[in-house]
Amino acid sequence: WRGREGAPYSTLVPSDEVTINYRHGLPVITLTLPTRGERCQFTVKPVVTTVGAFLQDVQREDKGIERAEVFATDGTKVSDGTLMEILLMNEFKLVINNTAYSVSPPVTDKLSSEHATEMEDIKSLVHRLFVALHLEDHQIRKERELLQKVDHLKGELLPLEQMKARIMDSADAKTSRLLWVGLALMSTQGGALAWLTWWVYSWDIMEPVTYFITYGSAMAFYAYFVLTKQDYIYPQAKDRQFLHYFHRKSKKQRFNVDRYNKLKDDLAEAEESLRRLRQPLHLRLPIQEINDKD
């Protein structure tokens, strides 16, 4: 068998000199160190350890190793950046100095269910450790960011809230005056009709007048429905008139209603996120479980 440069290696050692066994779900590569003549075990993490890192570990263990490379069975060199997980899927040649070791990894599909269970337990343990060590710090940083965002939004909303309060007071005062004016007009109309009925004319003359006044009022209410698509209900009519005065006053004072609503929505969202974040900090529960309780 020839290497990358075509030069033959002095020794081709059988596969039993380099063995691979799985222990606690991780592959353990056992080989004989050429200088010390000792059997040495190397435990690798397939999903993170590269071929280059494994070869460096071997050379650090035996300073007499001048050359360490890995080749595929067809003589193609395996790059140092290849993950051990990929390498262990097929047979390969491990070259140390001038000796080539034929390596046959065990088939992962034939691993016992106990090994697979151990690997899942290790993954679960690593996940729990990561959550215990990093999740609380992440939540604290996130809480600080949300607090800063809430303070910033409140600072932007403060002048808008003050302007909105002045506009609402003005619109409410105008709406109240309009309601009192309406009451005064209705009282005046009732008094005029009574005076004309009992002191100027008779009921026979005033009856058609009151009929047409009533019919005209019905037409006015119907026209209100046609224009607004709403029944003339006093509370709704009052609110509609209030909004009319409010928006007209807002345009005069350059009060941006859309920007105000956007800031209010952002503030509500930030406060809700802060509430959800603080609750698991106190209860030590993830946010998903809080949503399930809600």
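Residues numbered from 1 in each chain as written. Predicted model: local features only at pLDDT ≥ 70, side-chain atom pairs only at ≥ 80, totals over all residues. Heavy atoms only, no water.

Right, let's get into the overall build of the chain. Each helix and strand in the chain was counted, giving seven helices and seven strands. Reading the secondary structure of the chain in the N-to-C direction produces β-β-β-β-α-β-α-β-β-α-α-α-α-α. Burial status across the chain gives 27% buried among its 294 residues. Excluding contacts between residues fewer than 6 apart, the proportion of contacts in the chain whose partners are at least 24 apart in sequence is 57%. Within the structure as shown, the chain displays about 20,200 Å² of accessible surface, and the carbon and sulfur contribution to it stands at 56%. (Helix = DSSP H or I, 4+ residues; strand = E, 2+ residues; numbered from the N terminus. Buried < 20%, exposed > 50% of the residue type's maximum accessible area, 1.4 Å probe, protein only. Contact = heavy atoms within 4.5 Å. Areas by Shrake-Rupley, 256 points an atom, 1.4 Å probe, with all protein chains shown as cover.)

Now for helix α1 (residues 51-61). By the burial criterion, the buried members of α1 are Val 51, Gly 52, Phe 54, Leu 55 and Val 58. All buried residues of α1 fall inside an arc of 160 degrees around its axis, so they share one side. Each element contacted by the buried residues of α1 is listed here: β3 (26-32), β4 (39-43), β5 (68-72), α2 (84-87) and β6 (92-96). (Arc of directions from axis to C-beta.)

As annotated by UniProt and renumbered to match this structure, "transmembrane region" (unreviewed entry) occupies residues 178-197 and 209-227. The span residues 178-197 is 100% helix and 0% strand, and its two end C-alpha atoms sit 28 Å from each other. This span, residues 209-227, is 100% helix and 0% strand, and a straight line between its end C-alpha atoms measures 27 Å. (UniProt positions renumbered as here; feature names shortened; annotations may be inferred.)

Side-chain direction in a regular strand flips from residue to residue, so the side chains alternate between the two faces of the sheet. Side chains Cys 40 and Phe 42 of β4 all project onto a buried face; the interleaved residues Arg 39, Gln 41 and Thr 43 project onto a face where none is buried. Relative to β4, β3 runs antiparallel, the two sharing five bridges. Opposite Leu 31, over in β4, you have Cys 40 as the bridge partner. Hairpin geometry of β3 and β4 is characterised by an intervening segment of six residues between the two adjacent antiparallel strands and by a positive phi of about 65 degrees at Gly 37. (Pairing = 2+ DSSP bridges.)

Ranked by internal contacts, the top residues of the largest apolar core, which has 25 residues, are Leu 31, Phe 54, Val 70, Met 84, Phe 92 and Leu 94. For this core, the element with the highest residue contribution is α1, accounting for four residues. With residues up to four places along the chain from it excluded, the contact list for Leu 94 reads Val 18, Leu 31, Phe 54, Leu 55, Glu 69, Val 70, Thr 99, Ala 100, Tyr 101 and Val 103. In this structure, Leu 153, Ala 171, Tyr 245 and Leu 263 belong to the second largest nonpolar core, which totals 16 residues. (Core = buried A, V, L, I, M, F, W, Y, C linked by side-chain atoms within 4.5 Å.)

When you line up the elements, Phe 42 lands in strand β4. Linking Phe 42 and Pro 27, residues 15 residues apart in sequence, is a C-alpha distance of 8.4 Å.

Outside of glycine, negative phi angles account for most residues, and trans bonds account for most peptide bonds. Here Asn 97, not a glycine, exhibits a phi torsion of approximately 55 degrees, which is positive. Checked against the element boundaries, Asn 97 lands in the loop between β6 and β7 (99-103).

What follows deals with helix α5 (residues 234-252). In this model, α5 (19 residues) spans 27 Å end to end at C-alpha, consistent with the 27 Å of a helix rising 1.5 Å per residue. Of the positions making up α5, those classed as buried are Ala 237, Phe 242, Tyr 245, Phe 246 and Ser 250. Arg 254 sits one or two positions beyond α5 and adopts a positive phi of about 60 degrees. (Expected span 1.5 Å × (residues − 1).)

What follows covers the sheet that holds strand β2 (residues 19-23). Spatially, three strands are ordered β2-β3-β4 in an open sheet, and the strand pairing comes out antiparallel. The sheet terminates laterally at β2 and β4, the two strands that pair on one side only. On average, each strand axis in the sheet is inclined to that of its neighbour by 30 degrees, with strand direction left out of account. (Axes fitted to C-alpha atoms, helices over the stretch in contact; angles between N-to-C directions.)

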